[in-house]
Amino acid sequence: MPDTIVALATPFGLSAIAKIRVSGALTQSLIRKHFGKENLISHFAFLAHYRAISGEILDQVIVLFFSGERSHTGEDSMEIDCHGNPLIIRLIIEDLQLSGCRIAEPGEFTKRAYLNHKIDLCQAEAVLDIIHATNESALKTSQKQLQGTLSGKIFRLSDDLLLLLVEVESRIDFVEEDLEFDDKILNKLDEILDEIEKIVGSHKFRRTLFHGISVAIVGHPNAGKSSLLNALLNEERVLVSDIPGTTRDFISENIAIDGFLIKIIDTAGLRETDDEVEQLGIKKTIENIYAVDLCLIVVDQNSPLPLEKEVATKLQEKVCILVFNKVDLEKNSLPYFLEKLKIFPQVFVSAKYGTGIDILKSTIVDEIRKNLLMPQEITIAINERHREIFQTVRNLIVSAKNVLENQQPYELCASDLRFALETLGYITGKYNNEEMLGKIFNQFCIGK
Ligand SMILES: Nc1nc2c(ncn2[C@@H]2O[C@H](COP(=O)(O)OP(=O)(O)OP(=O)(O)O)[C@@H](O)[C@H]2O)c(=O)[nH]1
Ligand SMILES: [Mg+2]
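Residues numbered from 1 in each chain as written. Chains lettered and ligands numbered in written order. Predicted model: local features only at pLDDT ≥ 70, side-chain atom pairs only at ≥ 80, totals over all residues. Heavy atoms only, no water.

### Focus on the site of ligand 1
The immediate surroundings of ligand 1 are formed by 24 residues, with Lys225, Ser227, Gly245, Thr246 and Thr247 found nearest. In this structure, an oxygen atom belonging to ligand 1 sits 2.7 Å away from a side-chain N or O atom of lysine 225. In the complex, 92% of the free accessible area of ligand 1, which totals 650 Å², lies under the protein chains. Ranked by the residues each element gives to the shell around ligand 1, the list is headed by helix α9 (residues 225-233), at three residues. A per-class count over the shell around ligand 1 returns seven nonpolar, 12 polar and five charged. (Near = heavy atom within 4 Å. Polar contact = N/O pair within 3.5 Å; in protein donor to acceptor, adjacent residues only side chain to side chain. Areas by Shrake-Rupley, 256 points an atom, 1.4 Å probe, with all protein chains shown as cover. Helix = DSSP H or I, 4+ residues; strand = E, 2+ residues; numbered from the N terminus. Nonpolar A, V, L, I, M, F, W, Y, C, P; charged D, E, K, R; others polar.)

### Here's the deal with the domain arrangement of the protein
Partitioning the protein into domains gives domain 1 (5-115), domain 2 (121-202 + 381-429) and domain 3 (213-372). For domain 1 versus domain 2, the distance between C-alpha centres works out to 41 Å. (Domains from an automatic or database assignment.)

### Looking at the coordination of the magnesium ion (ligand 2)
Listed as protein donors to the magnesium ion (ligand 2) are Ser226 (OG) and Thr247 (OG1); their distances from the metal cover 1.9 to 2.0 Å. A residue pair is termed long-range when its members are at least 10 positions apart, and serine 226 in helix α9 and threonine 247 in the loop between α9 and β8 (251-257) qualify at 21 residues. A relative accessible area of 12% places threonine 247 in the buried class. (Donors = N, O, S within 2.8 Å, 3.2 Å for Na, K, Ca; no water. Buried < 20%, exposed > 50% of the residue type's maximum accessible area, 1.4 Å probe, protein only.)

### What about the nonpolar core?
Across soluble globular proteins, you tend to see nonpolar side chains buried next to one another. Counting residues in hydrophobic clusters, the biggest one holds 35 residues, and the most contacted among them are Leu161, Leu189, Ile196, Phe390, Ile397, Leu417 and Leu424. Those elements that provide at least two residues to this core are α6 (149-171), α7 (179-201), α14 (384-405) and α15 (410-428). Top element by residues in this core is α7. It accounts for nine residues. For leucine 417, the contacting residues outside a window of four places in its chain are Leu161, Leu164, Leu165, Val168, Leu189 and Ala400. (Core = buried A, V, L, I, M, F, W, Y, C linked by side-chain atoms within 4.5 Å. Contact = heavy atoms within 4.5 Å.)

### What about the pattern of salt bridges?
A full pass over the atoms with the stated rule returns 28 salt bridges. A salt bridge links glutamate 94 to arginine 90; the shortest N-O distance between them is 3.3 Å. Residue glutamate 94 and its partner arginine 90 are located together in helix α2 (residues 86-98), separated by four residues, close to a single helical turn. Classification of glutamate 94 as partly exposed rests on a relative accessible area of 37%. Across the pair aspartate 300 and lysine 326 runs a salt bridge, and its minimum N-O distance is 3.1 Å. Highlighted residues: aspartate 300 in strand β10 (residues 294-300) and lysine 326 in the loop between β11 (319-325) and α12 (336-340), separated in sequence by 26 residues. (Salt bridge = Lys/Arg side-chain N within 4 Å of Asp/Glu carboxyl O.)

### As for the packing of aromatic side chains
Within this structure, the stated rule accounts for seven aromatic pairs. When the centroid spacing of 5.7 Å and the interplanar angle of 40° are considered together, the rings of tyrosine 426 and tyrosine 431 count as tilted. Overall, tyrosine 431 belongs to the partly exposed group, its relative accessible area being 32%. Clustering of aromatic rings is evident, with ring pairs tying together Phe35, Phe46 and Tyr50. Just above the ring of phenylalanine 46 sits the side chain of lysine 37; from NZ or CZ to the centre is 5.0 Å. Arginine 171 extends its terminal NZ or CZ atom over the ring of phenylalanine 181, reaching a point 5.2 Å from the ring centre. (Phe/Tyr/Trp six-rings, centres within 6.5 Å; stacked < 30°, edge-to-face > 60°. Lys NZ or Arg CZ within 6 Å of the ring centre and 35° of its normal.)

### Quick word on the environment of aspartate 328
In this fold, aspartate 328 is placed in the loop between β11 and α12. For aspartate 328, a relative accessible area of 40% corresponds to the partly exposed category. With 27 residues separating them along the chain, aspartate 328 and glutamine 301 place their C-alpha atoms 9.7 Å apart. Discounting residues that sit within four places of it in the chain, aspartate 328 has contacts with Ser350 and Tyr353. At 3.0 Å, the side chain of aspartate 328 and the side chain of serine 350 are in polar contact.

See the structure below:
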C-alpha cells in the first residue's frame, strides 16, 4: 500500500479559504483521529474542528471525504478546507505529517489516479494542459483530451493494428505468397498511416494554441525594422537610427490586433559583420526565424539588398509577409533572392510616416487565420511526447509495408506491427517507464 500523501492544493498565502488534500490508506483513521468523525459517507462534507495530536484545536474546517472506489486518486482521500492563513495551513500540514502523512511530490495525486487506472496518461497530460491554458481554445482542446478524444483515437488505431497483426501472423506458416492478401493488408496500413499523419499534423497548432502567436521582424540593417515595430506599437519603443546595426539584442513587445495577442520581436539586421556583439545579435535573429510563427521580411525598397541564401531558403519554408518599406522614397529593382520571396503576400509601407500600417495589420491577421489557427474540425493538438511516439509508430508501419512490398517473410511484417502496437501503448500509458512518468508528472505543481 503506498503511503498517505498531503499537500496544499491552493496557492500559499492569505486567502479566504485554503484546501489541503490528503490521499492514501491512512485517510479514514486520520478523520477519526483529528475530527472525531465515524460513519463516513463518500462525497459528503462535514463541519469539524481540526484537533492536533497535542489536543489543541487548530481551526474550524470543512472536510470532504472520498472513498477509494469513487475518488479521483483511486484511494481513500479527503479535502480539508481551512481558513486561508499560511500559519494555520502550516500547522495542520505539519500535524498531519506527525500523524504519518508525507508531503506529496509534484503531480503525485494525478500520478496515483493514473497508476490506479482512473485516467490514462494522455488524460493526465490533459489535466496539466487545462491548468496552463491561457485562452478558451486551448482550454476546450485540453478538456476534450481529458474526456478522451485522443485516447479514443489511439484505442481505435490499436484495435486496427491488432486485427492486422492477427491476420499477418495467421499467414506466417503458409509457404506460398498471396498477393491479394498482401494488397488488402497494404491498403489497411495506408489507411492507418493517413490517420496517423492527421494526428501528427495537429501538433503544429499546439504552440499557437498554448503560447499565442509570435512574429519576428527580419531583414537587412537599416531596412526600417525597428521603425516598423514602433509604427505597429504606435510609440517610440525602440531606437531608430541611420547607422546600420543599431539593433543588436532582440526586443519583444505584445500587441493586440483584431483580438489576437501577438508577440512582436524586433531583431538585429542580417549582414556580414566583424563586430562580435552584432554577430551574436544576428545569431539570435536566425534562431528567432526558426522559433516564431510568422516573419515580416522588411525590405528597403529604395536600396534593396540580397539576403544570404541560407536565410532566404529558411524563410521560404515559413509563413511570411514581404514588407516593402520606405514607399515615401524612390523604388529600385529587387535582387534575385528577394524575387524568390515574392511567393508571400506583399505590403507597401512607410514605417517612418505610418503609411500602409493598417493594411499590414490586416494582412497579418489574414495570414494567422489562413495558416496558424486550428481548423474547427481538428479537435486535438498533440504534445511533443505524443508526436515523437507517433513518428516511431509511423516508421514501423512504413517498414511493415516495405516488407510486404518486397515479399519478405511475414514474420518481419508481424514483428514491425507488434512493435508499433506496443509503442502506441506508451501514449496512453498502457506501457510506461519511470523516466517517462518522471518527466510528465514533474511538470505539475505540488497538490495536483
Ligand atoms: N524615408 C524613410 N526612412 C525610413 C523609413 N523607415 C525607416 N527609415 C529610416 O531608416 C533608418 C533605419 O531605420 P531603423 O528602423 O533603425 O532600421 P533597422 O532595420 O531597425 O536597422 P538595424 O537595427 O540597424 O538593423 C532610420 O534613419 C529611419 O529613420 C521610411 O519608411 N521612410
Ligand atoms: Mg533596428
